[in-house]
Amino acid sequence: PKSIAKARSEFKKLSAPIAEWVKKNKPSGWNVIHCPMAGASWVQKEGQDVQNPYYGKEMLSCGEKVS
């Protein structure tokens, strides 16, 4: 993608089915985090601080563990 906005949009599409799979299968060591502002979820390693991929550094920690 030629812009960060486009890259984030594509990441959102990619993350949705992966996040659903992690919620359903609960693999060890992974969490699903949801950002209500972006209306999107992503997967990250368990124990890490929230690293929101949908916003820049101004909202890097926006998100809550859902699984």
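These numbers come from a predicted model, not from an experiment.

Thresholds applied
- Residues numbered from 1 in each chain as written.
- Predicted model: local features only at pLDDT ≥ 70, side-chain atom pairs only at ≥ 80, totals over all residues.
- Heavy atoms only, no water.
- Salt bridge = Lys/Arg side-chain N within 4 Å of Asp/Glu carboxyl O.
- Helix = DSSP H or I, 4+ residues; strand = E, 2+ residues; numbered from the N terminus.
- Buried < 20%, exposed > 50% of the residue type's maximum accessible area, 1.4 Å probe, protein only.
- Pairing = 2+ DSSP bridges.
- Disulfide = S-S within 2.5 Å.

Enquirer: Before we move on, could you go through the pattern of salt bridges and cite the residues and values that matter?
Expert: Under the counting rule described, the total for this entry stands at 3 salt bridges. Note that Glu10 is salt-bridged to Lys6, the shortest N-O span being 3.0 Å. With a gap of 4 residues between them, Glu10 and Lys6 both fall in helix H1 (residues 4-25), about one helical turn apart. Taking the relative accessible area as the measure of exposure, Glu10 reaches 31% and is therefore partly exposed.

Enquirer: Hey, could you go over the sheet that holds strand S3 (residues 64-65) for me, with residue numbers and the actual values?
Expert: Reading across from one edge, S2-S1-S3 is the order of the 3 strands in this open sheet, with antiparallel pairing throughout. This sheet does not close on itself; its edge strands, each paired only once, are strand S2 (40-45) and S3. The pairing of strand S1 (residues 30-35) with S3 spans 2 bridges and is classified as antiparallel. Note on S3: the bridge partner recorded for Ile33 is Lys65.

Enquirer: Run through the state of the cysteines, naming residues and quoting values.
Expert: Tallied over the full model, the rule gives 0 disulfides. With no disulfide of its own, Cys35 lies closest to Cys62 among cysteine sulfurs, the gap being 3.6 Å. Of the residues examined, Cys35 reaches a relative accessible area of 0% and is grouped as buried.

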